Amino acid sequence: MPDPDEEQLIRRAQREPQAFLALYERYVDRIYRFAYSHTGNEALAKDVTSATFEKALRNIRRYQWRGVSFGAWLYRIAQNELTQQHRKGRFTTPLAETESSEADVERTVQHQEQHNALQTALAQLSATDQQVIALRFFEELSSTEVAEILQCSRPVLYLRLHRALTRLRNLLENTEINEEIPHATK
Amino acid sequence: MPQSEIDRWAQRLEAGDQDDPTLTLAARLQAERPQLPSTPTEFRNALHEQLRTQYQQYQKEKPSMSKFTRRSMAVAGVLCAAVLLLIVWLLWKPQSVSAAEILARAANLTALQAYEGVIVRGNGQADAYTQWEEHVWFQAPDNLRIEDYSPLFTGSSAPPENLIARSTPTIQISPGHFYLQSLKVSNGVDAWSFDPRSNMALRQDPDEFDALYPSIVFPTYDLTTSPDKVVTSLQMLLDKTRADFRDVKLLGTETVAGRQAYKIEVTPNSDDVTELSAGTHIVLWIDQETYIQLGAEIRGIYDVLLTHSMFASIRVNQPTDASVFTFNPPGSVTVADARPKVNPTSVELSQAWQALAAKVPFKLFVPSEVPAYLKPKSPIAIQGVEQHYSSKNSAVALSILQLAWSDKNVRFLGKPILINGYKAYYWEQFNIHQLNLVRDGTLISMTVRADVTQDDLIKIASSLQEVSKTVTPVP
């Protein structure tokens, strides 16, 4: 749920630097982690975070409150920035790939702190599926905010979420079966 | 998966339910979200400072547009867009012409080469209102045929024996079972009027064929004449409309004779011409495509229909067989040659006038001062007495019609002038000048189609002398 005071804070941020910096403090960690989770690279995560807040600063006066948190807007800027960075070839995580190759999976897994089956299966999902799952379940954003970030309606968001979770479940089941087979043969 | 199932699934997801493998997985994802590094403090503080500096610079470099300015610009933008849309709409809208423009276009009709149609006409008042049909053919420049079907013969099982149609043996019967009452044919060389009841045919000068229309009536109200006369009368109506500030309204569109027509109402003021008075109004129907006048009606006070004229069918600009514009009277028909003698001697003219003066029950007058370039023809008696004067190209330049006149309530078109103690009315329009004068019970209507001035016409009228045995008309 959006913070009821956030609207006032945004209005002030359109005139006062302090208010904008308050918003920065509120969201910088989440945007940094979001950027890091997609790039797996500290330098790139910093670049994406810096670019996101600089763009937010340049456009804050044009921002219109629509009952969705300011964070959703920042996530959308960050998402666009990530896409641009990916197009420039600055990172090769499966953000824009529909299916991951085995090598990519291996590399992604290496970048993750937890090498469990869930993360392995997640890494095999398409970028679109990863994005919707990450925004909804890892970033602690509401469905309304995720729909706002992805520029789609809530029914479409739920459909995409359901499909992504179904595919993840299938991958997970295959992964777990594969992991069990070696144990059974031992 | 159907949308309704997705909706139910979404509700359970938002409620935190885990009674479905995908919902269980969603809960697991939330619980096992990746542990990501926190934002490096140095970076965090540096970005904070950078944003503070940028914000201040941004405020200095780009002062924000005030809300009022933004709104003003937005309103201006919307207004500009609206004006553009309006212009586009006005350019593309086919029916955006005003009633006055429609009348003006109808009054400047030039593209009409030919038409053939049946006109339903009527006049009278209340239960005395009668209706009849006229079949009209026109082909440019001067071919005209008018067949008048009277209601007098309605119900007859056979046409009168003396009824004659055009040169073909077919008897013309309209769908309304009206039989031919009169026929007028003109082809520019010959002109005939035929009355089946009297079995008489009158041969006329084509130039004088249309001269019998009372000059105070607008042909636009009866339509049964050549289109140029309808157009001329429309021009007069339009001119009066402008001059008298009458109310002209476009009432909408209606179908007349299978064609889409503009319906225009013209409300005259109390100083209107003879046949109209305060409280009456005129309704005209003008073809949307060709601007031909398709109908007219005049209504009096309480909306009583006084006269109407409406095409029941019309074919435009289609060739007509030449036989339609010829008339060959059979041997049984009495033929009278009413063509005036061209270039009569002064003695012949004098005799003709004296003979007519003895014949008609009203006084006749003849001018003694007429410009030398106008050569007189013999006077003729058809409906009243007429005399025409021609200029060099033999076109009728001056026409003088004389009728018995006792209606003192009639008001003439134009401004009043006193000539020899008699009140005359003069008007001019599109090179047509007319002067109407009532003298000793005779209406003298003088029409000039030439570049003559009002003074010229008044001079001719001033020289009128009563025809008697002692008067010798000036050639």
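Structure first, text after, so check above.
Nothing here was measured: the structure is a model prediction, and the numbers come from that model. (Residues numbered from 1 in each chain as written. Chains lettered and ligands numbered in written order. Predicted model: local features only at pLDDT ≥ 70, side-chain atom pairs only at ≥ 80, totals over all residues. Heavy atoms only, no water.)

## Some remarks on the overall build of chain B
Logical step 1: Scanning chain B from N- to C-terminus turns up eight helices and 22 strands.
Logical step 2: Expressed as a percentage of its 475 residues, the buried residues of chain B come to 45%.
Logical step 3: Accessible area for chain B stands at about 24300 Å²; split by element, carbon and sulfur atoms hold 54% of it. (Helix = DSSP H or I, 4+ residues; strand = E, 2+ residues; numbered from the N terminus. Buried < 20%, exposed > 50% of the residue type's maximum accessible area, 1.4 Å probe, protein only. Areas by Shrake-Rupley, 256 points an atom, 1.4 Å probe, with all protein chains shown as cover.)

## Examining the packing of aromatic side chains
Logical step 1: All chains considered together, the criterion is met by 14 aromatic pairs over all chains.
Logical step 2: Where F70 of chain A meets W73 of chain A, the ring centres are 5.4 Å apart and the plane angle is 55°; that geometry is what we call tilted. You can see F70 of chain A and its partner W73 of chain A sitting in helix α4 (residues 70-87), three residues apart, about one turn around the helix.
Logical step 3: Given the relative accessible area of 1%, F70 of chain A is considered buried.
Logical step 4: With a centroid separation of 6.0 Å and 40° between ring planes, the pair formed by Y115 of chain B and F138 of chain B is classed as tilted. (Phe/Tyr/Trp six-rings, centres within 6.5 Å; stacked < 30°, edge-to-face > 60°.)

## A look at the packing of helix α2 (residues 17-39) of chain A against α4 of chain A
Residues and elements named next belong to chain A.
Logical step 1: Put simply, α2 and α4 touch, their axes get as near as 10 Å, and they point 35° apart. By crossing handedness, the relation of α2 to α4 is classed as right-handed. Contact residues: L23, Y27, R30, I31, F34, A35, H38 and T39 in α2; F70, G71, L74, Y75, A78, Q79 and L82 in α4.
Logical step 2: A per-class count over the contact of α2 with α4 returns ten nonpolar, four polar and one charged. (Axes fitted to C-alpha atoms, helices over the stretch in contact; angles between N-to-C directions. Left-handed = near helix turned anticlockwise from the far one by under 90°. Contact = heavy atoms within 4.5 Å. Nonpolar A, V, L, I, M, F, W, Y, C, P; charged D, E, K, R; others polar.)

## A closer look at the interface of chain A and chain B
Logical step 1: Listed by partner, the interface residues are 49 residues for chain A and 35 residues for chain B.
Logical step 2: Summed over both partners, the interface of chain A with chain B buries about 4300 Å², with 65% contributed by carbon and sulfur atoms.
Logical step 3: Of all residues in chain A, the largest losses of buried area upon contact with chain B belong to R61, F137 and H162 of chain A, amounting jointly to 16% of the total for that side.
Logical step 4: Taken together, the connections running from chain A to chain B amount to three salt bridges.
Logical step 5: Salt-bridge contacts for D29 of chain A lead to R44 of chain B; the nearest nitrogen and oxygen are separated by 2.5 Å. (Buried area = accessible area lost by both parts, 1.4 Å probe. Salt bridge = Lys/Arg side-chain N within 4 Å of Asp/Glu carboxyl O.)

## Digging into the packing of helix α7 (residues 127-138) of chain A against helix α8 (residues 143-150) of chain A
All names here are of chain A.
Logical step 1: At a minimum axis distance of 9 Å, the contact between α7 and α8 shows a crossing angle of 140°. When the interaxial angle is binned, α7 and α8 end up oblique. Judged by the twist between their axes, the crossing of α7 over α8 is right-handed. Between α7, through Q131, V132, L135 and R136, and α8, the contact on the second element is made entirely by S143, V146, I149 and L150.
Logical step 2: Among the residues making up the contact of α7 with α8, the classes are represented as five nonpolar, two polar and one charged. (Parallel < 35°, antiparallel > 145°, perpendicular 65-115°, else oblique.)

## Some thoughts on the environment of L36 of chain B
Logical step 1: Note that L36 of chain B resides in the loop between α2 (21-31) and α3 (41-61).
Logical step 2: Excluding residues that lie within four positions of it along the chain, L36 of chain B makes contacts with R33, Y36 and S37 of chain A.

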